[in-house]
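# Understanding the architecture of this molecule
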Amino acid sequence: MLSFLSCGNLLAQQKLNLEEVKQAALSYSKAIKNGKIRIEQAEAAKREALANYFPQISATGIGVYGFKEFIPPIPQLLPNGIDNFYQAGAMATEAIYAGGKVRNANNLARLLAETRSIQAEQAVDSVVLNTAQKYWQLVQVQEQLKSIQASKIYLDELLKQQQDLLSAGLIAKNQLLRVRTNRSRVLLQQSKLGNMRKLALLDLGLYVGKVYDTTTVVTDTLQRVNPPQLTYARPDLDLQDNANYRLLEKSITASQLQSELTKADLLPQVSVGVNAGYFGSFNNAFDSQFMPIAFGMVSIPISDWWGAGRQKVKQKALEEKIVQNNFEDRKNQLTIGIMKSWYDLMDAYKQITYAKDNRNYANENLKVQRDNYNSGLNNLSDLLDAQQQKEAAEAEYANAYANYRIAESKYLFITDNL
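Since this is a predicted model, take the numbers as computed values, not measurements.

## What about the environment of D164?
Along the chain, the position of D164 falls in helix α4 (residues 101–167). Through-space distance from the C-alpha of D164 to that of Y97 is 102 Å; in sequence the pair is 67 residues apart.

## Overview of the packing of helix α7 (residues 243–264) against helix α8 (residues 308–374)
Running from N to C, α7 and α8 point in directions that differ by 175°, and their axes come no closer than 9 Å. Classified by the interaxial angle, the pair formed by α7 and α8 is roughly antiparallel. In this structure, α7 uses N244, Y245, L248, E249, S251, I252, S255, Q256, Q258, S259, T262 and K263 to contact α8, whose residues at the interface are K312, V313, K316, A317, E319, E320, V323, Q324, F327, R330, K331 and L334. Residues belonging to the contact of α7 with α8 are distributed by class as follows: 8 nonpolar, 8 polar and 8 charged.

## Let's talk about the sheet that holds strand β3 (residues 84–97)
Judged by pairing direction, the sheet is antiparallel, and its 4 strands sit side by side in the order β2-β3-β5-β6 without closing on themselves. The sheet is open, and its two borders are formed by β2 (56–65) and β6 (289–299), each paired with just one other strand. Neighbour-to-neighbour, the strand axes of the sheet open up by a mean angle of 15°, direction not taken into account. Pairing of β2 with β3 involves 10 bridges; the strand directions are antiparallel. By the bridge assignment for β3, S58 is matched with M91.

## Some thoughts on the nonpolar core
Core analysis: the biggest nonpolar cluster contains 44 residues, and Y135 and W136 have the highest contact counts within it. Of all the secondary-structure elements, those providing two or more residues to this core are α2 (18–28), α4, α5 (173–208), α7, α8 and α9 (380–414). In terms of residue count, α8 provides more of this core than any other element does, 11 residues in total. Residue contacts for Y135: discarding those within four places in its chain leaves L16, N17, L18, V21, L204, V218, T219 and D220. Among the nonpolar cores identified, the runner-up in size contains 16 residues, and V141, I148, L176 and V179 belong to it.

## A few points about the pairing of β6
Sparse coverage of β6 is indicated by the burial of 0 of its 11 residues. Bridge count for strand β5 (residues 269–280) against β6 is 11 bridges, and the pairing is antiparallel. Each residue of the ladder has a partner; that of A276, found in β6, is P292.

## Examining the side chain of R197
Its location among the elements puts R197 in helix α5. Although R197 is buried, it makes no salt bridge; D213 carries the closest opposite charge, 7.7 Å away. One polar contact links the side chain of R197 to the main-chain carbonyl oxygen of T214, over a distance of 2.8 Å.

## A word on the side chain of S271
With respect to the helices and strands, the residue S271 is situated in strand β5. Residues contacting S271, with those up to four places away along its chain left out, are E94, A95, I96, G296 and M297.

## A look at the environment of S381
Structurally, the position occupied by S381 is in helix α9. When the C-alpha atoms of S381 and Q175 are compared, they prove to be 8.7 Å apart, with 206 residues separating the residues in sequence.

## As for the packing of aromatic side chains
In the structure shown here, the tally under the stated rule is 6 aromatic pairs. The interplanar angle of 75° and the centroid separation of 5.9 Å between the aromatic rings of W136 and Y401 together place this pair among those described as edge-to-face. Residue W136 is found in helix α4, and its partner Y401 is found in helix α9; the two are separated by 265 residues along the sequence. Each of the two residues, W136 as well as Y401, counts as buried. Between Y245 and F327, the aromatic rings sit 5.7 Å apart at their centres with planes inclined by 50°, giving tilted as the arrangement. Here F327 lies in helix α8 and Y245 lies in helix α7, a separation of 82 residues in the sequence. Over the ring of Y28 we find K30; its NZ or CZ atom is 4.1 Å from the centre of that ring. One residue, K134, lies across the ring of Y207, its end atom 5.3 Å from the ring centre.

Procedures and definitions
Residues numbered from 1 in each chain as written. Predicted model: local features only at pLDDT ≥ 70, side-chain atom pairs only at ≥ 80, totals over all residues. Heavy atoms only, no water. Helix = DSSP H or I, 4+ residues; strand = E, 2+ residues; numbered from the N terminus. Axes fitted to C-alpha atoms, helices over the stretch in contact; angles between N-to-C directions. Parallel < 35°, antiparallel > 145°, perpendicular 65-115°, else oblique. Contact = heavy atoms within 4.5 Å. Nonpolar A, V, L, I, M, F, W, Y, C, P; charged D, E, K, R; others polar. Pairing = 2+ DSSP bridges. Core = buried A, V, L, I, M, F, W, Y, C linked by side-chain atoms within 4.5 Å. Buried < 20%, exposed > 50% of the residue type's maximum accessible area, 1.4 Å probe, protein only. Lys, Arg positive; Asp, Glu negative; His and termini not counted. Salt bridge = Lys/Arg side-chain N within 4 Å of Asp/Glu carboxyl O. Polar contact = N/O pair within 3.5 Å; in protein donor to acceptor, adjacent residues only side chain to side chain. Phe/Tyr/Trp six-rings, centres within 6.5 Å; stacked < 30°, edge-to-face > 60°. Lys NZ or Arg CZ within 6 Å of the ring centre and 35° of its normal.

This is the structure we're talking about:
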């Protein structure tokens, strides 16, 4: 049972690596699929706005039949009364000037498409970030489990030694019981970590859309990490290519275009068109006729110049100022966020360095304490304390390594380099 909880036989296990689970997540993610759908929606909106450049054509038809004549006969003009009538026609209209509405609506549609593309890229980055975090958390638990297994082996060997010494009458029974107590603590911790590992594996599997056996292991372990300054040189504060910054810029442009659309409502609207109609009666009570006409129309919203229309323009202008203020605030927040993620990365690397040193010290201390115990120079309590310190140092190192990898992913995410 303990072998099952601790991942079983390595030779029979399915092995995962980070790239593999990333590709699985990218194929499975509903957020990415929705991003692609939103891009298609934006492209359809672009085509909708473009259609406003072309004439609008409509066709109508009507037929009327009365149970009695609704126009009685008129001598010499209309020998027979009219009790039925039909009319069919088509009309085409073209906006000549609409205050810039058509142009700005097209610009706004293009802006929406560009925004959707950026958001789709962000959805991909977000999925990669979440996958990396779940993956390194699994690595963290797996390495802690290896450490606790090593502690169990060590205590098993120490327990055998204590049993031999007790049988020879060289120690008191309470020393054997102390080793057994520590071993029980390690077994409980091993059980907890085994369950945590299975939960982390389930969490990762559900996120990437795969079912992993409980014996599955990750291939990435505690590897050597280069100082981040050698990899990234300095914090990437170039916001021009940052997706979050580009979205902020798009929000300002969108606000300006919406203001222009509102202003267009105060300007004259000019359009022209043609209408062609054909009408007659079903029983030829009068001669059918074809009548084409052309027309032009000018609409001037005079009352809006001082009424509701003007207030709408004022509201949009104020909204534009709010968006501009938000832009500056969020730009600063983005810069602070990048710097925070950079300092977090530096601290995470220092944590690895300190944890590695502590692990080396703990290993050396345990070796010295064991030699001294075997030589009769110290007692069992010192040895067990050293063993627990080594166990804690191993766990701290696993945590530090996983935290560094997660901090690195967050830094690459916020700088749009993931």
